[in-house]
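Chain by chain, the residues:
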Amino acid sequence: MPRVSSVPASWVSVTDSVPSRDTSQAQPEAPPKYRYMSIPAPFGTIFVAYGPNGPVMVSQANSPAAFEREAERVLASLPLADPEPPADLRAEVMHAIRDHAPYSGPVDLSLVPPFERAVLHALRRIPPGQVRTYGEIARTLGKPSAARAVGTACARNPLPLLI
């Protein structure tokens, strides 16, 4: 049973309002960590969140608002829609998606756990038109009994269509 201590009434202060925050010395808001762009594809709109190290998340959300909610959950930061994304990044992503070509640009996997990151790097090394089993990838990574974990890493891939 929890202990309850009694304190003199003079020690307890109750107010009806929440104290106001002093905003006179408020720090300016930091710029958003991530931005995002939308790319029309034959099968719907693709949203790509990216930062200074490349794409960090790809999704086929139903709307920009739905993508923002998903991205904020995944990235722990609300990305900002970028009306003028870097032209080279946009061109590379569009080429990969529309032409079913390997995406050769940099990707940001910093939010992905180490084993899953190793799996995704291994997937990027598979030549176009070839396939590997989860077991083969697990053996490549020196973890021959981790085939199911490889499958899980593939399912959690934050960059489908690019990896």
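Shown above is the structure to which this text applies.
This text gives an overview of the structure that appears in the document. This one's a predicted model, so the numbers in the text were calculated from it and none came from an experiment. (Residues numbered from 1 in each chain as written. Predicted model: local features only at pLDDT ≥ 70, side-chain atom pairs only at ≥ 80, totals over all residues. Heavy atoms only, no water.)

Our next topic: the overall build of the chain. If you tally the helices and strands in the chain, you get five helices and four strands. Starting at the N terminus and ending at the C terminus, the chain contains elements arranged as β-β-β-α-β-α-α-α-α. Counting all 163 residues of the chain, 33% fall into the buried class. Considering only contacts within the chain whose residues lie at least 6 apart along the sequence, 49% involve residues at least 24 apart. Of the roughly 11200 Å² of accessible surface on the chain, 54% is carried by carbon and sulfur atoms. (Helix = DSSP H or I, 4+ residues; strand = E, 2+ residues; numbered from the N terminus. Buried < 20%, exposed > 50% of the residue type's maximum accessible area, 1.4 Å probe, protein only. Contact = heavy atoms within 4.5 Å. Areas by Shrake-Rupley, 256 points an atom, 1.4 Å probe, with all protein chains shown as cover.)

For soluble globular proteins, the rule of thumb is that nonpolar side chains tend to be buried together. Met37, Val48, Val93, Tyr103 and Leu162 are the most contacted members of the largest nonpolar core, which totals 19 residues. Looking at this core element by element, the count peaks at five residues for helix 2 (residues 87-99). Discounting residues that sit within four places of it in the chain, Val93 has contacts with Met37, Ile39, Val48, Tyr103 and Leu162. Grouped together as the second largest cluster of nonpolar side chains are 11 residues, Tyr34, Tyr36, Ala66 and Leu75 included. (Core = buried A, V, L, I, M, F, W, Y, C linked by side-chain atoms within 4.5 Å.)

Spatial relationships are all this shows, so hold off on functional conclusions.
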